[in-house]
Amino acid sequence: MRPHLLALLAKEPAHGYELKQALEQTFGSAYPSPNIGQIYVTLGRLEKDGLIRVVDVEQSNRPNKKVYYLTAKGREVLEAWVDEPTEGPRVRDEFFMKLVLAPLTGIADRMALISRQRRHYLSLMSDLNDILARTPDTDRVAMLLIEGAMLHLQADLDWLERCQEDLA
Amino acid sequence: MSTVVKTVNLVKIYQDGAVPVPAVRGVDLQVEPGEFVAIMGPSGSGKSTLVHMLGGLDTRTSGEIWLDGKRVDTLSESAWALLRRKRIGFVFQFFNLVANMTVGDNVELPALLSGASPKVARERRESLLAALNLTDRAEAAPAQLSGGEQQRVALARALANEPSLLLADEPTGNLDSRNTRDVLRLLGEVHKEGQTIVMVTHDARVASLADRLVSLFDGEIVDDGRIARRRTRTAGEVIDLR
Ligand SMILES: Nc1ncnc2c1ncn2[C@@H]1O[C@H](COP(=O)(O)OP(=O)(O)OP(=O)(O)O)[C@@H](O)[C@H]1O
Ligand SMILES: [Mg+2]
């Protein structure tokens, strides 16, 4: 969550609860409902690392509000995060290992493994279908996230077919 | 209600070439009313051959085919034609629309042929074209349509006679994601209304609508099982955002 909070603070200083709201607004249902405790823990670490700083803002009739803002070092770290190429998803390593090793052990045959995995992917896909159907058209960020996950799953299924043709 | 489709040790060997090609090798398949079965498998595994035989579009070499409790592999070609008109909707891998008829008439004709009144056939045409976002194209000739549009017309046509069995071979092969959405929605709806569907597809989104997946490999069923449904959650819970 570190770079996400840095990015929000690069836009404007904010207190913890505002950051939670900003995450919810920006990502819609795409973000697993951010936990306020976790946000404060992360803010504490960012502060310790000198990436953000905090000021107490006095409020009438209420306890002081802690407002966080980005430091120059924080901005550098954020820019580095944005600039570096992002690792792409790789082959499902664990399934791949099962597929290669299983026949050696005689525990399962590859055809059965591939078939089971295919049905598992389809059931994940059916989850995504349901979520997409329930996502309002206005929640563009969530829609894109779901569509991306669907395309990845399709690729995983195509790859299973390749495995079937080659190994079985 | 009886089992919609049943095959017993169904075999197809193409013998038209120099060497016989065994395309389907002993398939036992049973589909119950209201079930949606997806068929997947590598290219050449016999998917099209199987559904063509189920629709009487290709003859079997040996084995039995039963539809709605009646043995049909022994039927004459004309008896098959009648059966298809009344009870089977077929979406081909390569559309097969009637070239010299408008899109609208392509959809309306099967309803008329199956014995629906002109009024009912017209209503069916309008609602199917609307559901697939094709109302604007009703007066066009099939050749004037894109591949994706033709495919949607083919689906509308297959559903026009309210068949007891919908057979489809790659019905979304040419669709972009927006059009796939229309097709998915329509399939979901007719399935919910009790339509029995057997569908060949490579598209994971379409296949995931099915209740059951049959995997073919080298002309044989290598897997036949349910597609599990879980409680649905939010995108953020299902997809790991790092
Ligand atoms: N009319 C035909 N004459 C001879 N062989 C054929 C004929 N039709 C299909 N075959 C062969 O039968 C086998 C199964 O073909 P089929 O079209 O059923 O495969 P499929 O699973 O539908 O493949 P795809 O995913 O590419 O559509 C293939 O080896 C194919 O070459
Ligand atoms: Mg085919």
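Please read all numbers here as calculations on a predicted model, not as lab measurements. All residue numbers here refer to positions counted from 1 along the written sequence of the relevant chain. Here every chain gets a letter starting at A, and every ligand a number starting at 1, in the order they are written. The model is predicted, so local features are restricted to residues of pLDDT at least 70 and side-chain atom pairs to those at 80 or more, both for listing and for counting; the totals for chains, interfaces and linings are taken over all residues. Side-chain metrics rest on all non-hydrogen atoms present in the structure, leaving aside hydrogens and water.

1. Some remarks on the nonpolar core
Proteins that are soluble and globular tend to have nonpolar side chains buried together. Judged by nonpolar contacts, the single largest core of 62 residues is most densely connected at L122 of chain A together with L155, L166 and L187 of chain B. Looking at which element gives the most residues to this core, the answer is helix α7 (residues 140-167) of chain A, with ten residues. Apart from the residues lying within four places of it in its own chain, the contact partners of L187 of chain B are L155, L166, I197, M199, V206 and L209 of chain B. With 27 residues, the next largest nonpolar core counts V51, L54, I65 and V200 of chain B among its residues. Buried Ala, Val, Leu, Ile, Met, Phe, Trp, Tyr and Cys residues form a nonpolar core when they are joined through side-chain atoms within 4.5 Å. To sort residues, take the accessible area from a 1.4 Å probe on protein chains only and compare it with the maximum for the residue type: under 20% means buried, over 50% means exposed, and anything in between is partly exposed. Helix and strand assignments come from DSSP, with helices taken as H or I runs of at least 4 residues and strands as E runs of at least 2, each series counted from the N terminus. Contact criterion: two residues are considered in contact whenever any of their non-hydrogen atoms come within 4.5 Å of each other.

2. Describing a nonpolar patch on the surface
Residues and elements named next belong to chain A. Patch membership is restricted to residues that have no salt bridge and whose relative accessible area is over 30%. Joining uses 9 Å for like charges and 5 Å for the nonpolar side chains Val, Leu, Ile, Met, Phe, Trp and Tyr. Each accessible area is a Shrake-Rupley result for a 1.4 Å probe, and residues are judged covered by the shown protein chains and nothing else. A pair is scored as a salt bridge if a Lys or Arg side-chain nitrogen falls within 4 Å of a carboxyl oxygen belonging to Asp or Glu. Among the surface-exposed residues, F96, M97, V100, L101 and L104 lie close enough to one another that they form a single nonpolar patch of about 470 Å² accessible area. Following the sequence through the fold, M97 ends up in helix α5 (residues 93-105). Residue class for M97 comes out partly exposed when judged on its relative accessible area of 45%.

3. Thoughts on the packing of aromatic side chains
Two rings belonging to Phe, Tyr or Trp (six-membered ring only in the last case) form a pair when the distance between their centres is within 6.5 Å. Interplanar angles under 30 degrees mark stacking, angles over 60 mark edge-to-face geometry, and anything in between is tilted. Per the counting criterion, the structure on display carries three aromatic pairs over all chains. For the ring pair F96 of chain A and W159 of chain A, a centre distance of 6.1 Å and an interplane angle of 40° mean the geometry is tilted. In this pair, F96 of chain A sits in helix α5 while W159 of chain A sits in helix α7, placing the two residues 63 residues apart along the sequence. Seen in terms of ring centroids, F90 of chain B and F92 of chain B are 4.6 Å apart; in terms of plane orientation they differ by 40°. Their pairing is tilted. The class of F90 of chain B is buried, set by a relative accessible area of 8%. The class of F92 of chain B is buried, set by a relative accessible area of 18%. Through successive ring pairs, a cluster of aromatic residues spans F95, F96 and W159 of chain A. Seen from the ring of W66 of chain B, K6 of chain B lies directly overhead, with NZ or CZ sitting 5.6 Å from the centre. By definition here, charges over rings are those cases where NZ of Lys or CZ of Arg is within 6 Å of the ring centre and within 35 degrees of the ring normal.

4. Quick look at the site of ligand 1
Residue and element names in this part refer to chain B. Close to ligand 1 lie 14 residues; S43, G44, K47, S48 and T49 are nearest. Contact distances for ligand 1 include 3.3 Å between a nitrogen atom and a side-chain N or O atom of D16. Within 3.5 Å is the distance limit for a polar contact, defined as a pair of N or O atoms, with the added protein rule that one can donate a hydrogen and the other accept it, and that residues adjacent in sequence qualify only through two side-chain atoms. Contact distances for ligand 1 include 3.0 Å between an oxygen atom and a backbone N or O atom of G46. Its free accessible area being 640 Å², ligand 1 has 64% of it covered by the protein chains. Per-element accounting of the shell around ligand 1 gives the leading share, three residues, to helix α1 (residues 47-54). Note on residue classes: Ala, Val, Leu, Ile, Met, Phe, Trp, Tyr, Cys and Pro are nonpolar, Asp, Glu, Lys and Arg are charged, and everything else, Gly too, is polar. By residue class, the composition of the shell around ligand 1 is four nonpolar, eight polar and two charged. The near set for a molecule or strand comprises every residue that places at least one heavy atom within 4 Å of it.

5. Details of the domain arrangement of chain A
Residues and elements named next belong to chain A. Residue ranges labeled as domains rest on an automatic or database domain assignment. Each assigned domain of chain A is listed here: domain 1 (2-83) and domain 2 (94-167). The C-alpha-based centres of domain 1 and domain 2 are spaced at 35 Å. Throughout, the accessible surface (probe 1.4 Å) given up by two parts as they are put together, summed over both, is called the buried area. Across the domain 1 to domain 2 interface the summed buried area is about 320 Å²; carbon plus sulfur atoms make up 59%. For the domain 1 face of the interface with domain 2, the top three residues by lost area are F27, S29 and A30, together amounting to 78%. Here domain 1 and domain 2 share zero salt bridges between them. Inspection of the domain 1/domain 2 interface yields zero residue pairs in polar contact (both at pLDDT 80 or more). Considered class by class, the residues forming the side of domain 1 that touches domain 2 number two nonpolar, three polar and no charged.

6. Quick word on the packing of helix α5 (residues 147-159) of chain B against helix α6 (residues 177-192) of chain B
Residue and element names in this part refer to chain B. Working convention: axes come from line fits to C-alpha atoms, limited for helices to the stretch in contact. Angles between N-to-C directions cover 0 to 180 degrees. Closest axis-to-axis distance for the α5/α6 pair is 11 Å, and the angle between their directions is 15°. Between α5 and α6, the angle falls in the class roughly parallel. Judged by the twist between their axes, the crossing of α5 over α6 is left-handed. For the pair α5 and α6, contact is made by R152, L155 and L159 and by N179, D182, V183, L186, L187 and V190, respectively. For the contact of α5 with α6, the residue count by class is six nonpolar, one polar and two charged. When describing relative orientation, an angle under 35 degrees is termed roughly parallel and one over 145 degrees roughly antiparallel, while 65 to 115 degrees is termed roughly perpendicular and anything else oblique. Working rule for handedness: look at the near helix, and if it is turned counterclockwise from the far one by less than a right angle, call the crossing left-handed; if clockwise, right-handed.

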